[in-house]
Structures are given as structure tokens and as C-alpha cells.
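What the coordinates show
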Amino acid sequence: MKITNITKEYYEVEGEKVYFFEPLEKVISIKELQKIMDTAEEVVNKLRDKKV
């Protein structure tokens with residue numbers, strides 16, 4: 001999942017806007033959010049593997 005744009009209200013992934021539950025206090029960098037998303041994706045994949 002590659003993030004292309006970030007605002008206080010949403011981020012874009014492949015042209016699709018994904019809104020935050022609450023607006024951010026400040027805009028974070030794409031690099032910071034990409035790192036958070038990659039880590040979350042790894043955790044989800046590990047949890048899925050354990051359930052099978």
C-alpha cells in the first residue's frame with residue numbers, strides 16, 4: 001500500500017481518499033505515515049497467520 005498524499009483529514013492510497021476518525025493536529029510526512037502503515041500491515045498479517 002503506497003501512500004501518495006496526506007492532509008489533516010485524510011490520506012490518499014492509489015487515488016482513493018481514506019479519512020481519519022478525527023482530524024490530525026498536524027500533518028505528518030508521507031514517510032512517517034508509510035512506516036506506521038507498513039508496521040500495522042505486518043501485525044495484521046502475523047495475526048492472520050496465527051488464526052489459521
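Notes on the structure in this doc start here. (Residues numbered from 1 in each chain as written. Predicted model: local features only at pLDDT ≥ 70, side-chain atom pairs only at ≥ 80, totals over all residues. Heavy atoms only, no water.)

**Quick word on the sheet that holds strand β2 (residues 10-13)**
- Taken in spatial order, the three strands line up as β1-β2-β3 in an open sheet, and their pairing is antiparallel. Looking at which strands have only one partner, the edges of the open sheet turn out to be β1 (3-6) and β3 (16-19). On average, each strand axis in the sheet is inclined to that of its neighbour by 30°, with strand direction left out of account.
- Judged from the three bridges that link them, β1 and β2 form a sheet pairing that is antiparallel. (Pairing = 2+ DSSP bridges. Helix = DSSP H or I, 4+ residues; strand = E, 2+ residues; numbered from the N terminus. Axes fitted to C-alpha atoms, helices over the stretch in contact; angles between N-to-C directions.)

**Quick notes on the packing of aromatic side chains**
- Taken as a whole, this structure holds two aromatic pairs when the rule is applied.
- Here the aromatic rings of Tyr10 and Tyr19 are separated by 5.3 Å at their centres, their planes lie at 55°, and the arrangement is tilted.
- A relative accessible area of 14% means that Tyr10 is categorised as buried.
- Judged by its relative accessible area of 55%, Tyr19 falls in the exposed class.
- An angle of 45° between the planes, with centres 5.5 Å apart, marks the rings of Tyr11 and Phe20 as tilted.
- The buried category is assigned to Tyr11, whose relative accessible area is 9%. (Phe/Tyr/Trp six-rings, centres within 6.5 Å; stacked < 30°, edge-to-face > 60°. Buried < 20%, exposed > 50% of the residue type's maximum accessible area, 1.4 Å probe, protein only.)

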